[in-house]
Amino acid sequence: MFGAGKLTGRFWFRKTWTGKLILLVEEEKPRWFSRRHLTKLRWRDARLLDLAEAPMRTLMNLERSYRADYASRATPPSKHGAIPTPIARAANA
């Protein structure tokens, strides 16, 4: 486009009509005819390279911590050495 913008580190998600989640990122964009180098904030759809930038590290850290927390909750606590017993028997057993 007209110039590269710097990411602010803020992000949001939007949902399309088909149910897809789109990551939105906020960037500082230089104004078009500004002599003082003023910037404006705007939201745009994220690209793959946006995830590699430093302001988006918080999003990546959030993803790692969420997955680790979810994985620890996914397995129910069990007693050490306990053998799981089946809930129901087969009909022809």
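Look up: the structure comes first, before these words.
Residues numbered from 1 in each chain as written. Predicted model: local features only at pLDDT ≥ 70, side-chain atom pairs only at ≥ 80, totals over all residues. Heavy atoms only, no water.

Chemist: Explanation requested: the sheet that holds strand β1 (residues 6–15) in the structure shown.
Modeler: Pairing between sheet strands relies on hydrogen bonds along the backbone, with the strands arranged either parallel or antiparallel. Read across the sheet, three strands follow the order β1-β2-β3 without closing on themselves; strand pairing throughout is antiparallel. Sheet topology places β1 and β3 (39–45) at the edges, where each strand pairs with a single neighbour. Mean inter-strand twist for the sheet, computed between neighbouring axes without regard to direction, equals 25°. Examined bridge by bridge, strand β2 (residues 21–30) and β3 share seven bridges and lie antiparallel to one another. By the bridge assignment, P30 is partnered in β3 with T39. (Pairing = 2+ DSSP bridges. Helix = DSSP H or I, 4+ residues; strand = E, 2+ residues; numbered from the N terminus. Axes fitted to C-alpha atoms, helices over the stretch in contact; angles between N-to-C directions.)

Chemist: Help me understand the environment of K20 in this model?
Modeler: Tracing the chain through its elements places K20 in the loop between β1 and β2. Not counting residues up to four positions away in its chain, the partners in contact with K20 are R14 and K15. (Contact = heavy atoms within 4.5 Å.)

Chemist: What is the right way to look at the pairing of β1 in this model?
Modeler: Remark: a regular strand shows side chains that alternate across the two faces of the sheet. Bridge analysis of β1 against β2 gives seven bridges, and the strand direction is antiparallel. Within β2, the residue paired with W12 across the bridge is L24. Here β1 hands over to β2 after five residues, with G19 in that stretch at a positive phi of 100°.

Chemist: So what exactly am I meant to see when it comes to the nonpolar core here?
Modeler: Across soluble globular proteins, you tend to see nonpolar side chains buried next to one another. L7, L23, V25, M56 and L59 form the largest nonpolar core, which has five residues in total. Excluding anything up to four places from it in sequence, L59 contacts F11, L23 and L51. (Core = buried A, V, L, I, M, F, W, Y, C linked by side-chain atoms within 4.5 Å. Buried < 20%, exposed > 50% of the residue type's maximum accessible area, 1.4 Å probe, protein only.)

Chemist: Would you explain the pattern of salt bridges in this entry?
Modeler: Any two side chains of opposite charge can pair, given that their charged atoms come close. Applying the stated criterion across every chain yields a total of five salt bridges. Where R42 meets E27, a salt bridge forms, and the shortest distance between an N and an O atom there is 2.7 Å. One end of the pair, R42, is in strand β3; the other, E27, is in strand β2, and 15 residues separate them in sequence. Judged by relative accessible area, which is 29%, R42 ranks as partly exposed. One salt bridge connects R44 with D50, and the closest N-O pair in it is separated by 2.9 Å. By relative accessible area, R44 is classed as buried at 9%. Here D50 falls in the buried class, since its relative accessible area comes to 3%. (Salt bridge = Lys/Arg side-chain N within 4 Å of Asp/Glu carboxyl O.)

By themselves, these are just geometric observations and shouldn't be taken as functional.
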